[in-house]
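Now for the letters of each chain:
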Amino acid sequence: MDTIAGGITSPLGYRAGGVHCGIKKNHQLDLALILSEREGPVAGLFTTNRVAAAPVLLDQAYLRRGLARAVIVNSGNANACTGSEGLLAAETMSLTVARHLDTLPHKIFVGSTGVIGQRLPIERIETAVPKLLQRVRRAGGLEAARAIMTTDLGPKQAAVRSRIGGRTVTIGGMVKGSGMIHPDMATMLAYLSTDASITRQALQQSLKAAAACSFNSISVDGDTSTNDTILCLSNGMAGNRLIEAGSAALRQFQDMLSVLCHALALKVCRDGEGVTKVVKISVAGAANARAARQVADAIATSSLVKTAFFGEDANWGRIMAAIGRAGVRIDPSRISLRFDKVLMVKDGQGLGLPAEQRLTDVFRRKEFAIRVDLGLGTGTSQIWTTDLSLDYVRINASYRS
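Residues numbered from 1 in each chain as written. Predicted model: local features only at pLDDT ≥ 70, side-chain atom pairs only at ≥ 80, totals over all residues. Heavy atoms only, no water.

We now examine the packing of helix H5 (residues 200-212) against helix H6 (residues 248-270). Two elements in contact, H5 and H6, have axes separated by 9 Å at closest approach and are oriented at 40°. Classified by the angle their axes make, H5 and H6 are oblique. In this structure, H5 meets H6 at a crossing whose hand is right-handed. Counting all contacts with H5, which are made through Ala 202, Leu 203, Gln 205, Ser 206, Leu 207, Ala 209 and Ala 210, the residues of H6 involved are Leu 250, Phe 253, Gln 254, Leu 257, Ser 258 and Cys 261. Its residues placed into classes, the contact of H5 with H6 shows nine nonpolar, four polar and no charged. (Axes fitted to C-alpha atoms, helices over the stretch in contact; angles between N-to-C directions. Helix = DSSP H or I, 4+ residues; strand = E, 2+ residues; numbered from the N terminus. Parallel < 35°, antiparallel > 145°, perpendicular 65-115°, else oblique. Left-handed = near helix turned anticlockwise from the far one by under 90°. Contact = heavy atoms within 4.5 Å. Nonpolar A, V, L, I, M, F, W, Y, C, P; charged D, E, K, R; others polar.)

So this is what it looks like as structure tokens:
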């Protein structure tokens, strides 16, 4: 498997582009389109937030039909908490593109991201669609990635390529997300494309597994959005033998998709609002996997832990405290903590000033790992988290203005 330059248009048969339609100020790109030459199976995962945005509700309904040709996405307005008017606007986005492509609306998925609670200016989107269709091209993937940004510092895309059944298969993707990042899900918006020939069932199974160890294993601020969506389109243009559930080929495809999603998820962490540190937290020795995940989440979302990361303060006691309030069975006398290669806590007790001095050097790194061993069982989990900085507060204190 090779990681290659590119993104959503790297697989065969995909084009993309972005335009300014008038939602954002200063002529910033705010409307993107991903278009496949052929329709094909589609898989999707959506926010677990019960205040779900109109595009999420529409895409969930479309997903039951199981086919996709294109995705249209706007930024600058979430079209969330907008009632029946918002749902009509989302349907209009889909219908407008469908008319131009002479296809059915349920094959045109939609996405929105931005400020919650404001009316979506759908007439601006309708007016811009002809121009947007003229912009879509093989080289338009980066432009589309820019068009879905909100507080992101830059566009995020990736692609992987491998041989499956004697044919070259490619998966590409783009993601936007900087704040409101936490399982389940933690993407804001992610769009993936593949030229693999694969059944809808196998594609959905692969996406769910890949998201579990990537987009659902990162946290920036402990908040989930009303709009979180992952969609994966496939068009079969690689010409490989159809990949089905339970096959060896599916395991190969699954590995590819997991690598791609992990790369995109880490880009979200590194581009998190105000982020200066990215930290991998691994928990082992828990009674079971669920307990391990609870401990990992407690550490990853602790404001005190995250501010210690930002301040480069090797305050390992805050991590011990987070473990203790995770709500799972522990034995403090069995806990060990390791920061990269520095063992700081053994049998529940700190190893003194020399270890803490080495630990301070670890905290100065932009990326490092924390390994927790609870010493009780075989349960494991891992999550990537970030620091909590002054810039995060500044960005979110003035987001709407």
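Bringing the environment of Gly 44 into the picture now. Within the secondary structure, Gly 44 is located in strand E3 (residues 31-46). A relative accessible area of 5% places Gly 44 in the buried class. Once the C-alpha coordinates of Gly 44 and Cys 232 are considered, the two residues, 188 residues apart in sequence, prove to be 6.4 Å apart. Apart from the residues lying within four places of it in its own chain, the contact partners of Gly 44 are Leu 63, Gln 204, Leu 207, Ile 230 and Leu 231. (Buried < 20%, exposed > 50% of the residue type's maximum accessible area, 1.4 Å probe, protein only.)

Turning to the sheet that holds strand E14 (residues 349-350), a few remarks are in order. The sheet built from seven strands is open, its strands ordered E9-E16-E11-E15-E12-E13-E14 with mixed pairing. The outermost strands of the open sheet, each flanked by one partner alone, are strand E9 (218-219) and E14. Both strand E13 (residues 342-346) and E14 contribute to a ladder of two bridges, which runs antiparallel. Pairing of Val 345 across the sheet is with Gly 350, part of E14. Along the sheet, helix H7 (residues 289-300) makes contact with strand E11 (278-286), strand E15 (367-373) and strand E16 (379-386), crossing E16 at roughly 20°. On the sheet, helix H10 (residues 353-363) packs against strand E12 (336-339), E13 and E15 and is oriented at approximately 125° with respect to E13. (Pairing = 2+ DSSP bridges.)

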